Amino acid sequence: MQDRYEIDQYVRSIPDFPEPGIIFRDITSIIQSPDGLKKSVDGILESLRNVEFDIVVGPESRGFIFGMPVAYMLGKGFVPVRKKGKLPCETIEREYALEYGTAIVEMHKDAIKPGDKVVIVDDLVATGGTIEAIIQMIESLGGEVVKVQFVMELAGLNGREKLKNYDVDSLIIYDGK
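Values in this document were obtained by computation on a predicted structure and should not be read as measured data.

Engineer: I'd love a proper account of unusual backbone geometry, names of residues and values included.
Structural biologist: As a rule of thumb, non-glycine residues mostly have phi less than zero, and peptide bonds are mostly trans rather than cis. The omega torsion across Phe17 and Pro18 is 5°, close enough to zero to call that bond cis. Looking at the element boundaries, Pro18 is found in the loop between strand S2 (12-15) and strand S3 (23-26). Following Glu60, the chain continues into Ser61 via a peptide bond in cis, with omega recorded as -10°. Within the secondary structure, Ser61 is located in the loop between strand S4 (55-59) and helix H3 (62-74). Look at Asp16: it is not a glycine, yet its phi comes out positive at around 60°. Looking at the secondary structure, you find Asp16 in the loop between S2 and S3. Its relative accessible area of 48% is what places Asp16 among the partly exposed residues.

Engineer: Talk me through the layout of surface pockets; I want residue IDs and the actual numbers.
Structural biologist: There is about 1,200 Å³ of room inside the largest pocket. For the largest pocket, the lining is made up of 39 residues, of which Arg62, Leu98, Leu124, Ala126 and Thr127 are closest to its centre. Sorting the residues of the lining of the largest pocket by element identifies S3, strand S5 (77-83), strand S6 (91-98), strand S7 (101-108), strand S8 (117-125), helix H4 (129-140) and strand S9 (144-154) as the ones contributing at least two each. Of the residues belonging to the lining of the largest pocket, the class tally is 21 nonpolar, six polar and twelve charged.

Engineer: I'd like to hear about the environment of Val79, residue by residue, with values.
Structural biologist: Tracing the sequence through the fold places Val79 in strand S5. Exposure remark for Val79: the relative accessible area of 5% places this residue in the buried category. Taking the C-alpha atoms as reference points, Val79 and Val57, separated by 22 residues in sequence, lie 4.7 Å from one another. Ignoring sequence-local partners within four residues, the contact set of Val79 consists of Ile55, Val56, Val57, Gly58, Met107, Ala111 and Ile112.

Engineer: Kindly report on the packing of helix H2 (residues 34-47) against H3, identifying the contributing residues and their values.
Structural biologist: Packing of H2 against H3 brings their axes to within 10 Å, and their N-to-C directions diverge by 55°. When the axis of H2 is compared with that of H3, the two are oblique. For the element pair H2 and H3, the recorded crossing hand is right-handed. Across from Ser40, Val41, Ile44 and Leu45 in H2, the residues of H3 making contact are Phe66, Pro69, Val70, Met73 and Leu74. Tallied by class, the residues present in the contact of H2 with H3 amount to eight nonpolar, one polar and no charged.

Engineer: So what about the pairing of strand S10 (residues 168-174)? Which residues, and what values?
Structural biologist: Of all seven residues in S10, seven are buried; the element is thus mostly enclosed. Here strand S1 (residues 2-3) pairs with S10 via two bridges, running antiparallel. Note on S10: the bridge partner recorded for Gln2 is Ile173. Note that S9 and S10 share six bridges and pair parallel. If you follow Glu153 over to S10, its bridge partner there is Ile173.

Engineer: Could you give an account of the sheet that holds S6, naming the residues involved and the relevant values?
Structural biologist: Across the sheet, eight strands lie side by side as S1-S10-S9-S8-S4-S5-S7-S6; this open sheet has mixed pairing. Edge positions in the sheet fall to S1 and S6, since each has one partner strand and no second. Where S4 meets S8, three bridges bridge the pair, whose relative direction is parallel. Bridging from a neighbouring strand, Val56 pairs with Val119 of S8. Each of S4, S5, S6, S7, S8 and S9 touches H4; the most contacted strand, S6, lies at about 155° to it.

Here is what the cut-offs are and how they apply
- Residues numbered from 1 in each chain as written.
- Predicted model: local features only at pLDDT ≥ 70, side-chain atom pairs only at ≥ 80, totals over all residues.
- Heavy atoms only, no water.
- Helix = DSSP H or I, 4+ residues; strand = E, 2+ residues; numbered from the N terminus.
- Buried < 20%, exposed > 50% of the residue type's maximum accessible area, 1.4 Å probe, protein only.
- 1 Å grid on protein atoms, 1.4 Å probe; cavity = no way out; pocket = protein on both sides within 12 Å on 5 of 7 lines; lining within 4 Å.
- Points joined across faces, edges and corners; volume = space filled by probe spheres on them.
- Nonpolar A, V, L, I, M, F, W, Y, C, P; charged D, E, K, R; others polar.
- Contact = heavy atoms within 4.5 Å.
- Axes fitted to C-alpha atoms, helices over the stretch in contact; angles between N-to-C directions.
- Parallel < 35°, antiparallel > 145°, perpendicular 65-115°, else oblique.
- Left-handed = near helix turned anticlockwise from the far one by under 90°.
- Pairing = 2+ DSSP bridges.

Here it is in structure tokens:
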């Protein structure tokens, strides 16, 4: 495990959830701690210090938790990516694979303008499927993903491999699944 920002101490690890052999890394224990929340947001801000971008994109729902304060602190707009059927205006959508089945995410079609430089912020990268779908939507609208930032990464699930053409950073990297 790598942890550059001393955030791991705030992560609750729950063995055998949701199934035997899995260690669930719970971010709710990070955000309920004032120090954990501050260290995680400050770590993301530090990681973005020299990145030029226009907008923060965050997937429902934990990307909202970490992306919103980052957008606010840096004076950027925030674009939510939601599950299908939750946004009121014209949307663009992408389907992606889950362990058992598929899911669809969408964003407003007018949220990203051609030439926008975009940072994606989320809590966790596992297989990378959700973020890959989000990148496809951003690029189809003419945006450029300049950084993908996570609080945690489960390296054993190889999500970084799907995102290998992008600047990816994680505050904590767990070796396993």
